[in-house]
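# Coordinate inspection notes
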Amino acid sequence: MSTIAAFYEGKSILITGATGFLGKVLMEKLFRTCPGLKVIYILVRPKAGHTLQQRVVQILNSKLFEKVKEVCPNVHEKIRAIKSDLNHSDLAISKEDMQELLSCTDIIFHCAATVRFDDHLRHAVQLNVIATQKLLLMASQMPKLKAFIHLSTAFSNCNLKHIDEVVYPCPVEPKKIIDSMEWLDDAIIDEITPKLIGDWPNTYTYSKALGETVVHQESGRLNTAIVRPSIVGATWQEPFPGWVDNTNGPSGLIIATGKGFLRGLRATPMAVADMIPVDTVVNLTLAVGWYTAVHRPKSSLVYHCTSGNLNPCYWGKIGFQVLAVFEKVPFEKAFRRPNAGLTVNTITSQYWNAINHWAPVILYDFYLRLTGRKPRMTKLMNRILKMVSMLEYFINRSWEWSTDNTEMLMSTLTPEDQRIFNFDVRQLNWLDYIENYVLGIKKYLLKEDMAGVPEAKQHLKRLRNIHYLFNTALFLIAWRLLIARSQVARNVWFFICPLYNL
Ligand SMILES: CCCCCCCCCCCCCCCCCCCCCCCCCC(=O)SCCNC(=O)CCNC(=O)[C@H](O)C(C)(C)COP(=O)(O)OP(=O)(O)OC[C@H]1O[C@@H](n2cnc3c(N)ncnc32)[C@H](O)[C@@H]1OP(=O)(O)O
Ligand SMILES: NC(=O)C1=CN([C@@H]2O[C@H](COP(=O)(O)OP(=O)(O)OC[C@H]3O[C@@H](n4cnc5c(N)ncnc54)[C@H](OP(=O)(O)O)[C@@H]3O)[C@@H](O)[C@H]2O)C=CC1
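Along each chain, the written sequence defines residue order, and numbers are assigned to residues from 1. Chain labels run from A onward and ligand labels from 1 onward, assigned in the order the entries are written. The predicted origin of the model limits local features to residues at a pLDDT of at least 70 and limits the giving and counting of side-chain atom pairs to 80 or more, whereas totals for whole chains, interfaces and linings rest on all residues. As a rule here, side-chain values cover all heavy atoms of the structure and leave hydrogens and water aside.

Going by what an unreviewed UniProt entry lists, the protein chain is known as Fatty acyl-CoA reductase and is assigned to Molossus molossus. UniProt positions are given in the numbering used here, feature names are shortened, and annotations may be inferred rather than shown by experiment. Quoted verbatim from the Function (unreviewed entry) field of the UniProt record, the comment on the protein chain reads "Catalyzes the reduction of fatty acyl-CoA to fatty alcohols."

### Some points on a nonpolar patch on the surface
Nonpolar side chains collect at one region of the surface, where Val488, Val492, Phe495 and Ile496 lie side by side and expose about 450 Å² of accessible area between them. Among the structural elements, Ile496 can be located in helix H20 (residues 487-496). Exposure above 30% relative accessible area and no salt bridge define the residues that can form patches, which grow by joining like charges within 9 Å and nonpolar side chains of Val, Leu, Ile, Met, Phe, Trp and Tyr within 5 Å. Under the convention used here, a 1.4 Å probe and the Shrake-Rupley method define accessible areas, while residue burial counts only the protein chains that appear. The salt bridge criterion pairs a side-chain nitrogen of Lys or Arg with a carboxyl oxygen of Asp or Glu, the two atoms within 4 Å. Here a strand is any run of E in DSSP of at least two residues, a helix any run of H or I of at least four, and the numbering for each starts at the N terminus.

### Considering the sheet that holds strand S7 (residues 224-229)
We treat two strands as partners when DSSP finds at least two bridges between them. Within the open sheet, the seven strands sit side by side as S3-S2-S1-S4-S5-S7-S11. Their pairing is parallel. For this open sheet the edge positions go to strand S3 (79-83) and strand S11 (301-305), each flanked by a neighbour on one side alone. Mean inter-strand twist for the sheet, computed between neighbouring axes without regard to direction, equals 20°. In what follows, a contact means two residues having at least one pair of non-hydrogen atoms within 4.5 Å. Interaxial angle, 0 to 180 degrees, is taken between N-to-C directions of lines fitted to C-alpha atoms, where a helix line uses only the stretch in contact. Along the sheet, helix H6 (residues 95-104) contacts strand S1 (12-16), strand S2 (39-44) and S3; its crossing angle with S3, the most-contacted strand, is approximately 130°.

### A look at the site of ligand 1
In the neighbourhood of ligand 1, 31 residues make up the surrounding shell, with Arg116, Phe117, Thr153, Tyr204 and Gly249 lying closest. Any N or O atom pair separated by 3.5 Å or less is treated as a polar contact, with the protein-specific requirement of one donor-capable and one acceptor-capable atom, and with residues adjacent in sequence counted only for side-chain atom pairs. Note that a nitrogen atom of ligand 1 is positioned 3.2 Å from one of the backbone N or O atoms of Val115. A distance of 2.9 Å is found between an oxygen atom of ligand 1 and a side-chain nitrogen or oxygen belonging to Thr153. For the shell around ligand 1, the elements supplying multiple residues, two or more each, are helix H11 (250-258), helix H13 (315-328), strand S12 (341-343) and helix H15 (377-395). Gly is put with the polar residues, along with every residue not named as nonpolar or charged; the nonpolar set is Ala, Val, Leu, Ile, Met, Phe, Trp, Tyr, Cys and Pro, and the charged set is Asp, Glu, Lys and Arg. The residue inventory of the shell around ligand 1, partitioned by class, reads 18 nonpolar, nine polar and four charged. Residues are counted as near a molecule or strand when any one of their heavy atoms sits within 4 Å of it.

### Some words on the UniProt feature "transmembrane region" (unreviewed entry) in the protein chain
Sites flagged by UniProt as "transmembrane region" (unreviewed entry) map to residues 466-483. Secondary structure content for residues 466-483 is 100% helix and 0% strand, and the end C-alpha separation is 26 Å.

### What to know about the pattern of salt bridges
Per the stated rule, a full pass over the model turns up 20 salt bridges. One salt bridge in this structure joins Lys24 and Asp245, with 2.2 Å as the shortest N-O distance. Here Asp245 lies in the loop between strand S8 (231-233) and H11 and Lys24 lies in helix H2 (residues 21-33), a separation of 221 residues in the sequence. Between Arg32 and Glu238 there is a salt bridge, with its nearest N and O atoms 2.9 Å apart. Pair noted here: Arg32 is in helix H2 and Glu238 is in the loop between S8 and H11, with a separation of 206 residues, a long-range link. When salt bridges with common partners are traced through the structure, they connect Glu28, Lys29, Arg32 and Glu238 into a single cluster.

### Examining the packing of H11 against H13
Two numbers describe how H11 lies on H13: the axes approach to 11 Å, and their chain directions differ by 45°. In terms of axis orientation, H11 runs oblique to H13. Our pair here, H11 against H13, has a crossing hand that is right-handed. Contacts between H11 and H13 pair Ile254, Thr257 and Gly258 from the former with Val322, Leu323 and Phe326 from the latter. Of the residues belonging to the contact of H11 with H13, the class tally is four nonpolar, two polar and no charged. Note on terminology: angles under 35 degrees are roughly parallel, angles over 145 are roughly antiparallel, angles of 65 to 115 are roughly perpendicular, and the others are oblique. With the far helix as reference, a near helix turned anticlockwise by less than a right angle produces a left-handed crossing, and one turned clockwise produces a right-handed crossing.

Below you can see the structure in the form of structure tokens.
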């Protein structure tokens, strides 16, 4: 039997962020490979008119959990949803629930976070720092607790080029930032945010760095570990390839390209695309949970879950492969044919924005207005270009992450655990992975049926013909204007087209 699976037998596990992308895959893997676990407590808030129970049912009814229901038919009995809002000062957990959590929890996986790059600093600090601090306080009152595993990001130190598996000191103590958030009003926080975050590109990465410091400060009293994944993408293998359920990171850009909106990116083709499949992150996280609880390392360890130093891939290669998949399996109802390029040149990128991004949507919205419909494309393009501008920082740089702790952990696992909880990215074939990723976006995110592929291809053919027609018309108009104004142009025209004179 797997040592790691055996460790989780009979354990009560607390997961925050279980309704998120990573949290769902973490729960799925736990139930599928460790069906003997006692209970998974998840901290959930009611959202978008859905109660806690409805949210849990939604997760269990998703395709992701199909295999789990075969292996662990009583899975619904093993999930205990606890009402909580991490934005609240006391996490909004009822007294009874708190009592149960304090007395029963064996392991905590803290995944909840705001991952928005443009979040207000107050909110980012509230969720990524203060809530982490509150959870640590809770954890310190849990007599049975064996490990507290904190999900951070490999980009928490993206202001450095080479990043080791250590917690770097923050320029300002988290406590000072937390205190100041209490009495500063939003307008002042807005004003000082650029100064506070310094050379971090956004409030997300900055607040995650602060969050790590808070965890590190507690590491003397608690058995903690930090996992730092890079850009988390769709599943590689488990429970099936290509599963993804949100538009964060590459997924949003892949959709925008496949639907024909995004035609160019300011990106460095030879910059390392440090992506990591979500199931790889989950496997490492579970192995870290086991190792931290059983081996109790003297100091709190940080684990990099990155691909760049072991199996690098580059944005240019990814871009080519994404476009190649669209040739075979296009998305439905594309606005234009998917065709995009990468450039490092700002002027080229601005030209692309004007000609390839804004001009077509403005024209199309004009057409919608003329036909009495509501224009919507300019708004969508605004959103896409905002997303692109937020991601540009990450697609024009390369980082080096050391992975000594992660490799040490891999060598500690039994061959069976290395297979079941595989986080060896050297085995990843990037071209296959990207193909499955794009297909996964089509199937699980856009909910498009593969039976619609012939029609989607037909639609692209029509778009190509419209494109040719449009270009020909444009050329003829330009040429007509030119020969009306220029003698040289008229001479060329008479020379190549003598019949015109008859
Ligand atoms: C050589 C030549 C080759 C040529 C070929 C070239 C080919 C080219 C091929 C191209 C592909 C290959 C390159 C890939 C590069 C990827 C780079 C990734 C880097 C990632 C680095 C990450 C590092 C750190 C990792 C981490 O550590 S953390 C995780 C990362 N965190 C994030 O990625 C959050 C980012 N995002 C936000 O920060 C917010 O999103 C914000 C942006 C502010 C907007 O914000 P806002 O405008 O308010 O809009 P939303 O609220 O987001 O959206 C409102 C509503 O629109 C929905 N919608 C949003 N988009 C889309 C969309 N496209 N399509 C459909 N719907 C969408 C959304 O579902 C929501 O719907 P609803 O829920 O309301 O129903
Ligand atoms: N995705 C990525 O590319 C990467 C992610 N990470 C880290 O991994 C972790 C998980 O990220 P990911 O799954 O992608 O993020 P998601 O945005 O998909 O999930 C975030 C989770 O946090 C929960 N949450 C947010 N606010 C609150 C709140 N106030 N109270 C209770 N729960 C809340 C969300 O709940 P709800 O459903 O109610 O909104 C959701 O379950 C994060 O710590 C992130 O920093 C690190 C590197 C890359």
